[in-house]
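Letter by letter, the chains look like this.
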Amino acid sequence: MSLPSARVLILGAGGQLGAQLARSMMADGLQESVTALGRAELDFADPEALRAAVRAHSPQILVNAAAYTAVDRAESEPELAFAVNATAPGILAEEMARRNGWLLHYSTDYVFDGSGTAPWRETDPTGPLNVYGASKLAGEQAIAAVGARHLIFRTSWVYAAEGRNFLHTMLRLGRERDRLSIVADQIGAPTSAEVLSEATAQLIARLHDGIEPPCGIYHMSCSGETSWFGFAEAIFAAFAERQPAPTLTPIATSDYPTPARRPRNSRLDGSLLAQNLDLRLPDWRDAFAAVVTALGVPASR
Ligand SMILES: NC(=O)c1ccc[n+]([C@@H]2O[C@H](COP(=O)([O-])OP(=O)(O)OC[C@H]3O[C@@H](n4cnc5c(N)ncnc54)[C@H](OP(=O)(O)O)[C@@H]3O)[C@@H](O)[C@H]2O)c1
């Protein structure tokens, strides 16, 4: 892939996606044009620091992978969740509008209420069930209201070879317990940070080449679908030779109460992404196999 020399600023570099973005762009020899900042360098709850950082780095493309992602804790910290997920993206959009640059930002399937079984399209009505989803929706709206050139990617069930995520939680719990009960009535598509990073890098390369896609919201998750139970089965099958698999029991959401309500239907329709941006994400099983391989487990297992 041809890669850009435009100044790119990646925020959220300590997170699953931000770290993967930074790693892959640095590995492609872009150290001079890419800057990646994590929470230690920049606190999203500090609007003035955020403005100053964007002005100091003066990026042509800003990729925001930072977010308050503690879905349950957000129920008791709504102000902080909204500061990071709604106010801060609006500020980033203002700063990018000032320099006529592009803001690439990520949002979530949790903007929807999870009703029905059809994959959600970008035009479907939103209706977040929890504070995190409401704060991410407010972030989308703040960016759109500013009118900066932007792409917002709603994704789902993000995990990576590294980082805190369902994959590593399952492997840890599997080592600690003989039996696990896993929710089987929330349906979506696990989406690896590696796949999101690759799609983002392709878009950055195109922006650099002067190919400007239509601004707006795009659904960007792996194709196919499963439940958390199905994902857990796939995880333990893939790691069967590394650690014994616990007995898995499918349970209903109502059997696993959490502070934040979660949508049952997290399917995202990727048609617009294919139509407008010519991007098609792989089936979640293929993306998962690649992550398993990256963790040193042969893909055939
Ligand atoms: N994870 C998912 O399942 C999921 C699903 C759908 C959409 N998304 C979206 O995808 C994007 C990437 O998510 P991810 O999975 O990579 O999340 P992640 O691993 O939780 O990374 C988010 C990063 O943001 C940082 N952050 C949080 N509060 C901050 C603050 N006040 N100032 C500066 N940085 C702060 C976090 O730092 P700390 O680690 O120090 O808190 C972390 O490094 C986000 O927009 C998220 O909303 C994620």
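Everything quoted here is computed from the prediction, not taken from an experiment.

S.K.: Can you help me understand the site of the ligand in this one?
M.R.: Among the 26 residues in the neighbourhood of the ligand, the closest are listed as G15, L17, F44, A67 and V158. Secondary structure elements with two or more residues in the shell around the ligand: α1 (16-27) and β4 (102-108). Among the residues making up the shell around the ligand, the classes are represented as 12 nonpolar, 11 polar and 3 charged.

S.K.: Whenever I open this one, the sheet that holds strand β3 (residues 61-64) confuses me. Can you help?
M.R.: Spatially, the 6 strands line up as an open sheet ordered β2-β1-β3-β4-β5-β10, and their pairing is parallel. Both outer strands of the open sheet, β2 (34-37) and β10 (216-219), are each paired with one neighbouring strand and no more. Each adjacent strand pair in this sheet contributes to an overall mean axis angle of 20 degrees, direction not counted. Here β4 runs beside strand β5 (residues 149-155); their pairing, made up of 7 bridges, is parallel. Across the sheet, the residue bridging to W102 is R149, located in β5.

S.K.: For this particular structure, what's the right way to read helix α2 (residues 47-57)?
M.R.: Each α-helix turn comprises 3.6 residues. Residues three or four places apart therefore point the same way. Every buried residue belonging to α2 is among L50, A53 and V54, and all of these are buried. Down the axis of α2, the sector holding all buried residues measures 95 degrees, keeping them to one side. Within α2, the exposed residues directed more than 90 degrees away from the buried face are E48, R55 and A56. Elements in contact with the buried residues of α2: β2, β3 and α3 (78-98).

S.K.: What am I meant to see in the environment of E94 here?
M.R.: Mapped onto the secondary structure, E94 falls in helix α3. For E94, a count of 19 C-beta atoms within 10 Å translates into the label partly exposed.

S.K.: Looking at this structure, how should I read the pairing of β4?
M.R.: One face of the sheet, then the other: side chains in a regular strand alternate in exactly this way. With 7 of 7 residues buried, β4 is to be regarded as a mostly interior element. Neither face of β4 is left uncovered, since the one carrying W102, L104, Y106 and T108 and the one carrying L103, H105 and S107 both have all their residues buried. Sheet topology places β3 next to β4; 4 bridges connect them, and they run parallel. Across the sheet, the residue bridging to L62 is L103, located in β4. In the classification by handedness, the crossover that spans β3, the intervening α3 and the parallel β4 is right-handed.

S.K.: Looking at this structure, how should I read helix α4 (residues 131-146)?
M.R.: Between the first and last C-alpha of α4 there are 23 Å, a value that for 16 residues agrees with the 22 Å anticipated at 1.5 Å per step. Tucked into the core, α4 has its buried residues touching α3, β4, β5 and β10. Just beyond α4, the residue with positive phi is G147, at close to 85 degrees.

S.K.: Is there a simple way to explain the packing of helix α5 (residues 166-176) against helix α7 (residues 228-238) in this structure?
M.R.: Any two packed helices are characterised by how steeply their axes cross, that is the angle between the axes, and by the distance between the axes. Interhelical geometry of α5 versus α7 gives an angle of 65 degrees and a closest axis separation of 10 Å. Judged by the angle between their axes, α5 and α7 are roughly perpendicular. α5 and α7 meet at a crossing whose hand is right-handed. From α5, F166, L167, M170, L171 and G174 reach across to α7, where they touch W228, F231, A232, I235 and F236. Its residues assigned to classes, the contact of α5 with α7 shows 9 nonpolar, 1 polar and no charged.

Reading guide: rules and limits
Residues numbered from 1 in each chain as written. Predicted model: local features only at pLDDT ≥ 70, side-chain atom pairs only at ≥ 80, totals over all residues. Near = placed C-beta within 6 Å. Helix = DSSP H or I, 4+ residues; strand = E, 2+ residues; numbered from the N terminus. Nonpolar A, V, L, I, M, F, W, Y, C, P; charged D, E, K, R; others polar. Pairing = 2+ DSSP bridges. Axes fitted to C-alpha atoms, helices over the stretch in contact; angles between N-to-C directions. Buried ≥ 20, exposed ≤ 12 C-beta atoms within 10 Å, placed from the backbone. Arc of directions from axis to C-beta. Contact = placed C-beta atoms within 7 Å. Right-handed = clockwise from strand over helix to strand, strands pointing away. Expected span 1.5 Å × (residues − 1). Parallel < 35°, antiparallel > 145°, perpendicular 65-115°, else oblique. Left-handed = near helix turned anticlockwise from the far one by under 90°.

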